[in-house]
Amino acid sequence: MITEAKQNKQSMYDTVLNQFNKTADLIDLNPNIRRILALTNNEIIVHFPVKMDNGEVEIFTGYRVQHNNALGPYKGGLRYHPTVDVDAAKALAMWMTWKTSLAGLPYGGAKGGIQLDPRNYSLSELERITRRFTYALGENIGPEHDIPAPDVNTNAQTMAWIADTYMSTKSTSERSQNQHVVTGKPVGSGGLEGRDRATGFGVYLTIKMLYESRGENLEGKTFIVQGFGNVGYWASKFLTEDGATLLAVQDAHATLINEKGISVEDLFEHSSPRKGSIKGFTGAVEMEPEEFFGLECDLLIPAALGNQITAENAYKIKAAVVAEGANGPTDAEGEQILLQQGVTIIPDILCNSGGVIGSYFEWLQNRNGELWELDEVMQKLEKKIKQVFKNVSNEVAERKTDWRTAAYIIAISRIETSYTQRGIFP
Ligand SMILES: NC(=O)C1=CN([C@@H]2O[C@H](COP(=O)(O)OP(=O)(O)OC[C@H]3O[C@@H](n4cnc5c(N)ncnc54)[C@H](O)[C@@H]3O)[C@@H](O)[C@H]2O)C=CC1
Ligand SMILES: O=C(O)CCC(=O)C(=O)O
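Please read all numbers here as calculations on a predicted model, not as lab measurements.

S.K.: Please set out helix α6 (residues 156–168) residue by residue, giving values where relevant.
M.R.: Compared with an ideal rise of 1.5 Å per residue, which puts 13 residues at 18 Å, α6 spans 18 Å between its outermost C-alpha atoms and is within 8% of the ideal. Residues of α6 that are buried include every one of T158, M159, A160, W161, I162, A163, T165, Y166 and M167, and no others. Elements in contact with the buried residues of α6: β3 (74–80), α5 (123–137) and β5 (146–150). Its side-chain oxygen 3.0 Å from the backbone nitrogen of Q157, N155 forms the N-cap of α6.

S.K.: Pulling in residues and values, what's your account of the pattern of salt bridges?
M.R.: In this structure the tally under the stated criterion is 26 salt bridges. E139 is paired through a salt bridge with K170; the nearest N and O atoms lie 2.8 Å apart. Separated by 31 residues along the polypeptide, E139 in the loop between α5 and β5 and K170 in the loop between α6 and α7 (195–213) bring together distant segments of the chain. Between K386 and E382 there is a salt bridge; the shortest N-O distance is 2.9 Å. Here the residue K386 and the residue E382 both occupy positions in helix α13 (residues 374–399), the gap between them amounting to 4 residues, near one helical turn.

S.K.: Can you lay out the nonpolar core for me, pointing to particular residues and giving the numbers?
M.R.: One finds W98, I207 and I301 to be the most contacted residues of the largest nonpolar core, which totals 87 residues. In this structure, F60, L78, I129 and V181 belong to the second largest nonpolar core, which totals 24 residues.

S.K.: With reference to specific residues and values, describe the domain arrangement of the protein.
M.R.: Taken as a whole, the protein is organised into domain 1 (40–191) and domain 2 (197–351). With 12 residues of domain 1 at the interface, the matching set in domain 2 holds 9 residues. Each partner contributes to the roughly 900 Å² buried at the junction of domain 1 and domain 2, and carbon and sulfur atoms together form 61% of this total. Here domain 1 is connected to domain 2 by 0 salt bridges. At the junction of domain 1 with domain 2, the criterion picks out 2 residue pairs in polar contact (both at pLDDT 80 or more). Counting residues per element, the side of domain 1 that touches domain 2 draws most heavily on helix α4 (residues 86–102), at 5 residues.

S.K.: Break down the side chain of H180 for me, with residues and values.
M.R.: With respect to the helices and strands, H180 occurs in the loop between α6 and α7. The buried category is assigned to H180, whose relative accessible area is 5%. When neighbours within four sequence positions are excluded, H180 is seen to be in contact with P143, E144, I147, K185, W363, N366 and R367.

S.K.: Could you give me a rundown of the UniProt feature "site: Important for catalysis" (unreviewed entry) in the protein, with the residues and numbers involved?
M.R.: This chain's UniProt record puts "site: Important for catalysis" (unreviewed entry) on D151. Discounting residues that sit within four places of it in the chain, D151 has contacts with G77, L78, R79, K111 and N327. Among the polar contacts made by the side chain of D151, one reaches the side chain of K111 at a distance of 3.0 Å.

S.K.: Give a description of the site of ligand 2 that names residues and reports values.
M.R.: Taken together, 13 residues surround ligand 2, and among them K75, K99, K111, N327 and S359 come closest. With respect to ligand 2, the side chain of K111 contributes an N or O atom lying 2.7 Å from an oxygen atom. Measuring from an oxygen atom of ligand 2, one finds a side-chain N or O atom of N327 at 2.9 Å. Relative to its free-state accessible area of 290 Å², ligand 2 is covered by the protein chains to the extent of 96%. At the level of secondary structure, the elements contributing two or more residues to the shell around ligand 2 comprise β3, α4 and α12 (354–367).

Calculation rules
- Residues numbered from 1 in each chain as written.
- Chains lettered and ligands numbered in written order.
- Predicted model: local features only at pLDDT ≥ 70, side-chain atom pairs only at ≥ 80, totals over all residues.
- Heavy atoms only, no water.
- Helix = DSSP H or I, 4+ residues; strand = E, 2+ residues; numbered from the N terminus.
- Expected span 1.5 Å × (residues − 1).
- Buried < 20%, exposed > 50% of the residue type's maximum accessible area, 1.4 Å probe, protein only.
- Contact = heavy atoms within 4.5 Å.
- Polar contact = N/O pair within 3.5 Å; in protein donor to acceptor, adjacent residues only side chain to side chain.
- Salt bridge = Lys/Arg side-chain N within 4 Å of Asp/Glu carboxyl O.
- Core = buried A, V, L, I, M, F, W, Y, C linked by side-chain atoms within 4.5 Å.
- Domains from an automatic or database assignment.
- Buried area = accessible area lost by both parts, 1.4 Å probe.
- UniProt positions renumbered as here; feature names shortened; annotations may be inferred.
- Near = heavy atom within 4 Å.
- Areas by Shrake-Rupley, 256 points an atom, 1.4 Å probe, with all protein chains shown as cover.

Written out as structure tokens, the structure is:
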């Protein structure tokens, strides 16, 4: 679990700007494009009232930050969490711009959400909050303009409420053309088979490919995962199915260890659907949260919040590979320490890109009135992630640099090329 001290150390916005500036210097980015990319295009803040179950009215604050749309419509998740604010949304939106560019998708980057703790609200309150948020955002989102998706504490149900609310603002004949205003919907409501597992699958596949590039495989590898939600669960499932052992898990409420291995399915059964926590699971024992990052293991997967690996704990990390399932889990100082220790970091914009690639498939499916089967989706996803991994791996080899730097060089150069080709910044 993160402590206040860790949270306040560096903001996610500091982290992403630091990464961007480093790359801009390295590739000698056109100064005008640099000025544009260092800023966000739009920062939308909405306040809206919602009637609670007890009849009282609460006012909520929602955010949508649209960083850049040089390569296509804005794309990125919506997060429901007490830490959501404009700076967090700015950082997460920038990461989306780099991620979609790296993956070669026709999208820009955005992110947003509502500052709240969903555990304090009933399901029907969350539905009303989501619907009012959608009305408040109005035409700031749209299927060809800005397409939200699930993120922390939001899911397919949240996306179904948004799609339904947004479509209800359109005339009857236009409704069906607006289904792709969000991705990550339930399969029965225009969602994509496999979008639920797409991010975790990408995390697994990039790890597997890294080991394979070193002549190794997952058999016998041990790993620990922070966050056991959508990303943490699916990544753990694929990894253990391929022979790796899950030693320890941490979520917002507990840290568990079992040196003989934790059963991913039993833990999932325990923690979902509505319990929402790993606490109380009998197939492992609780340990001190502060000791989590220092556990002996081959692989660490941060799959919760940003800025978790910092100067305070990076030196304790024993894993030789850190695979960033979460967005921005490693701050600049933490990264320096890890790199000095010889740790390989598979950066977020590569490692968790399976999610937005899956979202792109869903968007295409809705736009074209198609239905894709699970096998087809997983094959396409695998092909695309392998391509993106290969591109980054080649850049690492050519430049003799780390994986994040290589990924950023590809992502930012693509955007620069697009601006230059269009003659915007000579
Ligand atoms: N859902 C998706 O498709 C994608 C998610 N991501 C990123 O992956 C990360 C996790 O997202 P999801 O799994 O979707 O969220 P989720 O809401 O399904 O799960 C979040 C998990 O993190 C844990 N957590 C929250 N606060 C924590 C804390 N202080 N210490 C330890 N654990 C904590 C929660 O207990 C939960 O287990 C986020 O950074 C998100 O931006 C990235 C790409 C796509
Ligand atoms: O699926 C998407 O559109 C974006 C998911 C997301 O928020 C992310 O990749 O961080």
